[in-house]
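# Structure assessment
One letter stands for each residue in the lines below.
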Amino acid sequence: MSDILDLGVKDIRDGVAKGDFTAREVADAFNTAVAAASELNAFIVTTPDHATAAADAVDARRKKGEDLGKMGGVPIGMKDLFATKGVQTTAASHILEGFTPQYESTVSQNLWDAGAGMLGKLNLDQFAMGSSNETSYFGHVSSPWKKDGTNAAMSPGGSSGGSSSAVSARIAPAATGTDTGGSIRQPAAFTGICGIKPTYGRCSRWGVVAFASSLDQAGPMARSVEDCAIMLEAMAGFDPKDSTSLEMDVPAWEAGLDADLKGKKIGIPKEYRMDGTDEEILKSWEQGKEWLRDAGAEIVDISLPHTKYALPAYYIVAPAEASSNLARYDGVRYGLRDLPDGAGLQDMYAATRAAGFGDEVKRRILIGTYVLSAGFYDAYYTQAQKIRTLISQDFSTAFGECDAILAPTTPTASFPLGENQDDPLAMYLNDVFAVPASLAGLPAMSVPAMLNADGLPLGLQIVGKPFDEQGVLNAGLAIQQRAGFDAKPEKWW
Ligand code: GLN
């Protein structure tokens, strides 16, 4: 059965439908692989029974000749930021440890309705704040990749690092991720897999633990562009329970896949040539241009003049929203309660929050509270909001001249765990190419391009016009077909 583990979403769905194997065989193979991979620490809890029950239901439907669904028979990993009914949901924080929701998030429900099952809840950076998966209360996630000739544990990226690690290690064919400022794309790039953040509003935020509500978007992480298209179709859709949900039909992205880019213009933003970007990343970007040209696209130079302000603006807007969203964790309603002897209500709030939140989460809450305070609101928050508008305008102007944008996903390849941990600014720089699209709410995808000289994956990013996930997926497919990326991490776990 070991070859089942190499199959992706499409292969599994189609294989189950044809009767090449049963959904139960698939679920059993992945449940076994998950149980044997605890060294990666990709899962916070495993839910083998969920996966087998969903598989049995699909197999029963097949016997009756019924429709198996868009994801029929595909077991997936669920980032532990999505509320799952009856299954602990922690956001990788001590403050939510033991919290078992009474309800299911819209996105996870959509996936179960499409025939998917759940292998478990995936580890992440605490409250999705981080770029390396080192801020989880439940321990670091390791990437399955190692730098050639070394044995150091490498970062799977963050915050969706449990997702990226599991999918690249082939203990899950696909996983959900969320992206507030790069958390789908950066971990995908670090581990040689694909991930797409759709247009803001495509996937419902209902039941997703909130980090920065004006930026948070769910999306799929998988090993091919096709698999991302299939899974995004299953996840997306209008939801009246999310006031920012897009009231638009979900396009048939899978059926619309087309790698012929004749007549398309791909923009290369000159401001993304930044100091500190790895030479090999710049080379992969050049190679990406060649691949897209080969697919029929015209490559044009564009300018996104306010790019350098995106990262500072993001690290004001996101913490500001986080400080407000995280006010709800007070020891009264969810998870942890720290009630020192003889303590009053205020003391309980303080003790619970001091014990429950990790250092990075506290840092964000402090920054957010500061930039929203009466004396500094205009100097920081209002300015950052103005920059956000300018960044969106940059993209609108650029999309007058091109159909999609090609850029690196990250300035460097994955780094050893521990390397950037004491330097939050160095860590924040990981997101420099990812946050502009987040601030503008645009669809953006990372696709694996190649291995660097150290044998580590590098990703290329495609950013599209609002609602044009199809254009992003198609450009991604053109790269995938030419990159022929089929490298696998060597198994050590
Ligand atoms: N790494 C970024 C941060 O720490 C983005 C996180 C995310 O997209 N959830 O904020």
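Residues numbered from 1 in each chain as written. Predicted model: local features only at pLDDT ≥ 70, side-chain atom pairs only at ≥ 80, totals over all residues. Heavy atoms only, no water.

By the naming in an unreviewed UniProt entry, the chain goes by Glutamyl-tRNA(Gln) amidotransferase subunit A and is assigned to Qipengyuania citrea. In its Function (unreviewed entry) section, the UniProt entry covering the chain states "Allows the formation of correctly charged Gln-tRNA(Gln) through the transamidation of misacylated Glu-tRNA(Gln) in organisms which lack glutaminyl-tRNA synthetase. The reaction takes place in the presence of glutamine and ATP through an activated gamma-phospho-Glu-tRNA(Gln)." Among the UniProt annotations of the chain, the heading Subunit (unreviewed entry) holds the following wording: "Heterotrimer of A, B and C subunits." (UniProt positions renumbered as here; feature names shortened; annotations may be inferred.)

A few words on the UniProt feature "domain: Amidase" (unreviewed entry) in the chain. UniProt records the feature "domain: Amidase" (unreviewed entry) at residues 32-473, using the numbering of this structure. In residues 32-473, helix accounts for 33% and strand for 14%; the two terminal C-alpha atoms are 32 Å from one another. (Helix = DSSP H or I, 4+ residues; strand = E, 2+ residues; numbered from the N terminus.)

Another point: the UniProt feature "active site" (unreviewed entry) in the chain. Within this numbering scheme, the UniProt entry marks Lys79, Ser159 and Ser183 as carrying the feature "active site" (unreviewed entry). Taken together, the annotated residues stretch across 105 residues yet fold into one region, lying no more than 11.2 Å apart by C-alpha. Take lysine 79: it is sitting in strand E2 (residues 75-79). Residue lysine 79 is classed as buried on the basis of its relative accessible area, which comes to 0%. If sequence neighbours within four positions are ignored, lysine 79 has contacts with Lys121, Leu122, Leu124, Ala128, Ser159, Ser160, Ser163, Thr176, Gly177, Thr178 and Ser183. Reaching out from lysine 79, the side chain makes a polar contact with the side chain of serine 159 at a distance of 2.9 Å. Examined against the element boundaries, serine 183 turns out to sit in the loop between strand E4 (174-179) and helix H6 (185-191). Filtering out sequence-adjacent residues up to four positions away, serine 183 remains in contact with Lys79, Ala128, Gly130, Gly158, Ser159, Ser160 and Thr178. (Buried < 20%, exposed > 50% of the residue type's maximum accessible area, 1.4 Å probe, protein only. Contact = heavy atoms within 4.5 Å. Polar contact = N/O pair within 3.5 Å; in protein donor to acceptor, adjacent residues only side chain to side chain.)

If you check the shell around the ligand, you find 15 residues, and the closest are Thr180, Gly181, Ser183, Tyr314 and Arg364. Contact distances for the ligand include 2.8 Å between an oxygen atom and a backbone N or O atom of glycine 130. One of the side-chain N or O atoms of tyrosine 315 is found 3.4 Å from an oxygen atom in the ligand. For the ligand, whose unbound accessible area comes to 290 Å², protein coverage reaches 100%. Its residues placed into classes, the shell around the ligand shows five nonpolar, seven polar and three charged. (Near = heavy atom within 4 Å. Areas by Shrake-Rupley, 256 points an atom, 1.4 Å probe, with all protein chains shown as cover. Nonpolar A, V, L, I, M, F, W, Y, C, P; charged D, E, K, R; others polar.)

Another point: the packing of helix H7 (residues 225-235) against helix H15 (residues 469-483). Look at H7 against H15: their axes get within 9 Å of each other, and the N-to-C directions meet at 160°. The angle between the axes of H7 and H15 places the two elements in the roughly antiparallel class. Contacts from Val225, Glu226, Cys228, Ala229 and Leu232 in H7 reach Glu469, Leu473, Gly476, Leu477 and Gln480 in H15. Per-class residue counts for the contact of H7 with H15 are six nonpolar, two polar and two charged. (Axes fitted to C-alpha atoms, helices over the stretch in contact; angles between N-to-C directions. Parallel < 35°, antiparallel > 145°, perpendicular 65-115°, else oblique.)

The subject of this paragraph is the environment of isoleucine 44. Relative to the helices and strands, isoleucine 44 is located in strand E1 (residues 43-46). Judged by its relative accessible area of 18%, isoleucine 44 is buried. The residues touching isoleucine 44, leaving out its near neighbours within four places in the chain, are Asp80, Gln88, Thr90, Ala92, Lys121, Leu122, Asn123, Leu124 and Phe138.

With that settled, the discussion passes to the state of the cysteines. This model, assessed by the stated rule, comprises zero disulfides. This cysteine, cysteine 194, is not joined by any disulfide, and cysteine 228 carries the nearest cysteine sulfur, 5.0 Å off. Take cysteine 194: its relative accessible area is 0%, and that puts it in the buried class. (Disulfide = S-S within 2.5 Å.)

What follows covers the pattern of salt bridges. By the definition in use, this model includes 23 salt bridges. The shortest N-O distance in the salt bridge between aspartate 14 and lysine 10 comes to 3.2 Å. Of this pair, aspartate 14 and lysine 10 both sit in helix H1 (residues 9-18), four residues apart, which is roughly one turn of the helix. Taking the relative accessible area as the measure of exposure, aspartate 14 reaches 26% and is therefore partly exposed. (Salt bridge = Lys/Arg side-chain N within 4 Å of Asp/Glu carboxyl O.)

So, on to the nonpolar core. Ranked by internal contacts, the top residues of the largest apolar core, which has 147 residues, are Met71, Ile76, Leu111, Phe127 and Leu292. Top element by residues in this core is helix H9 (residues 310-325). It accounts for ten residues. In contact with leucine 292, not counting residues within four places along its chain, are Leu261, Ile266, Ala297, Ile299, Leu406, Ala475, Ala478 and Ile479. Formed by six residues, the second largest nonpolar core is a distinct cluster that contains Met154, Ile281, Ala413 and Leu456. (Core = buried A, V, L, I, M, F, W, Y, C linked by side-chain atoms within 4.5 Å.)

What follows covers the packing of aromatic side chains. A complete count under the given rule lists 17 aromatic pairs for this structure. Taken together, a centroid distance of 5.4 Å and an interplanar angle of 50° make the contact between tyrosine 103 and tryptophan 206 tilted. A residue pair is termed long-range when its members are at least 10 positions apart, and tyrosine 103 in the loop between E2 and helix H4 (106-113) and tryptophan 206 in the loop between strand E5 (194-197) and strand E6 (217-222) qualify at 103 residues. The exposure class assigned to tryptophan 206 is partly exposed, which follows from its relative accessible area of 28%. Look at phenylalanine 190 and phenylalanine 415: their rings are 5.6 Å apart centre to centre, the planes differ by 90°, and that puts the pair in the edge-to-face class. One end of the pair, phenylalanine 190, is in helix H6; the other, phenylalanine 415, is in the loop between strand E9 (404-408) and helix H13 (424-429), and 225 residues separate them in sequence. (Phe/Tyr/Trp six-rings, centres within 6.5 Å; stacked < 30°, edge-to-face > 60°.)

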